Amino acid sequence: MKILMVCLGNICRSPLAEGIMQHLADKEGLNWEIDSAGTGNWHVGDGPDHRSVRTARLHGIDISRQICRLFNPADFDEFDHILVMDKSNLSNVLAMARNDGDRKKVSMLLGDKIVPDPYHDDSQFEPVFKLIEAGCKAFIERYKGIL
Ligand code: 4NP
């Protein structure tokens, strides 16, 4: 199964989500490939925000080699699930969907709850890690037997 994590900048939340989901899926022995992308282009080519790198490292996960990229409609063909962090990511991605098949692949990682953007608040990186981790665990429980 291939899963794409999407946020706005692809430097704070979705790199964490990529690292956490890959780590948990690997631990479960699942042959899942996880990637991430952003809907904004400010940081394309950059590594993740140092606060996300540090928070992940404190939990034993290395996200330092990820490279920021833009979401593009070809991702609808490449991935089975596209998991976004908040409602604005959701509308940005859905605006690029070409048909119902594309739309069905998109959901918020936490269902009806959002993963808030920690970019302007250093203290939010650890809580955001925990929210994403809980969302990834729930997703794995739901899908590990299916694909
Ligand atoms: P992210 O956070 O969407 O979790 O990666 C952001 C990072 C950078 C910006 C916005 C959100 N920015 O405007 O540069």
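It should be emphasised that the depicted structure is a prediction, and the values quoted were computed from it without experimental measurement.

> What am I meant to see in the sheet that holds strand 4 (residues 106–108) here?
To summarise the sheet geometry, strands pair through backbone hydrogen bonds and adopt either a parallel or an antiparallel arrangement. Pairing is parallel in the open sheet, where 4 strands are placed in the order 2-1-3-4. In this open sheet, the two edge strands, each paired with only one partner strand, are strand 2 (33–38) and strand 4. Between one strand and the next, the sheet's axes are offset by a mean angle of 25 degrees, whatever the strand orientation. With 3 bridges connecting them, strand 3 (residues 81–84) and strand 4 associate as parallel partners. By the bridge assignment for strand 4, Ile82 is matched with Val106.

> In this structure, what is going on with the pairing of strand 2? I would like to understand it.
Along any regular strand the residues' side chains alternate between the sheet's two faces. In this sheet, strand 2 lies alongside strand 1 (residues 2–7) in parallel orientation, the contact comprising 6 bridges. Looking across to strand 2, one finds that Ile3 is bridged to Ile34. Once you follow strand 1 into helix 1 (residues 13–27) and on to strand 2, the crossover reads as right-handed.

> Please explain helix 1 as it appears in this structure.
Three- or four-residue spacings in an α-helix give side chains the same orientation, since the helix completes a turn every 3.6 residues. Here helix 1 is 15 residues long and its end C-alpha atoms lie 21 Å apart, about the 21 Å a rise of 1.5 Å per residue gives. For helix 1, the complete set of buried residues consists of Arg13, Ser14, Pro15, Leu16, Ala17, Glu18, Gly19, Ile20, Met21, Leu24 and Ala25. Immediately beyond the C-terminal end of helix 1, within one or two residues, lies Gly29, with a positive phi of roughly 75 degrees.

> Teacher, can you tell me more about helix 6 (residues 125–143) here?
Taking 1.5 Å as the rise per residue, helix 6 with 19 residues should run 27 Å; its terminal C-alpha atoms sit 27 Å apart, in good agreement. For helix 6, the full list of buried residues reads Phe125, Val128, Phe129, Ile132, Glu133, Gly135, Cys136, Phe139, Ile140 and Tyr143. In this fold, the buried residues of helix 6 make contact with strand 1, helix 1, helix 2 (50–58) and strand 3.

> Before we go on, may I ask you to explain unusual backbone geometry in this structure?
Trans peptide bonds make up the majority, and among non-glycine residues the majority have a negative phi. A positive phi angle is found at Asn10, which is not glycine, with a value near 55 degrees. Taking relative accessible area as the criterion, Asn10 reaches 3% and is therefore assigned buried.

> I'm lost on the packing of helix 2 against helix 6 in this one. Help?
Two quantities define a packed helix pair, namely the angle between the helix axes and the distance between the axes. Across the interface, helix 2 lies against helix 6 with an axial gap of 10 Å and an inter-helix angle of 60 degrees. Classified by the angle their axes make, helix 2 and helix 6 are oblique. For helix 2 against helix 6, the interelement crossing comes out right-handed. On helix 6, the residues touching Arg51, Ser52, Thr55 and Ala56 of helix 2 are Phe125, Glu126 and Phe129. Residue composition of the contact of helix 2 with helix 6, grouped by class: 3 nonpolar, 2 polar and 2 charged.

> Even after reading the chapter, I still don't get the packing of aromatic side chains, so can you show me in this structure?
For any pair of aromatic rings, the description consists of the separation of the ring centres together with the inter-plane angle of the planes. Applying the stated rule across the entire model yields 3 aromatic pairs. Ring plane angle 80 degrees and centroid distance 5.9 Å describe the contact between Trp32 and Phe139, whose orientation is recorded as edge-to-face. Of this pair, Trp32 sits in the loop between helix 1 and strand 2 while Phe139 sits in helix 6, placing them 107 residues apart in sequence. The burial state of Trp32 is the same as that of Phe139; both residues are buried. Among the aromatic side chains, those forming a connected cluster through ring pairs are Trp32, Phe139 and Tyr143.

Calculation criteria
- Residues numbered from 1 in each chain as written.
- Predicted model: local features only at pLDDT ≥ 70, side-chain atom pairs only at ≥ 80, totals over all residues.
- Heavy atoms only, no water.
- Pairing = 2+ DSSP bridges.
- Helix = DSSP H or I, 4+ residues; strand = E, 2+ residues; numbered from the N terminus.
- Axes fitted to C-alpha atoms, helices over the stretch in contact; angles between N-to-C directions.
- Right-handed = clockwise from strand over helix to strand, strands pointing away.
- Expected span 1.5 Å × (residues − 1).
- Buried < 20%, exposed > 50% of the residue type's maximum accessible area, 1.4 Å probe, protein only.
- Contact = heavy atoms within 4.5 Å.
- Parallel < 35°, antiparallel > 145°, perpendicular 65-115°, else oblique.
- Left-handed = near helix turned anticlockwise from the far one by under 90°.
- Nonpolar A, V, L, I, M, F, W, Y, C, P; charged D, E, K, R; others polar.
- Phe/Tyr/Trp six-rings, centres within 6.5 Å; stacked < 30°, edge-to-face > 60°.

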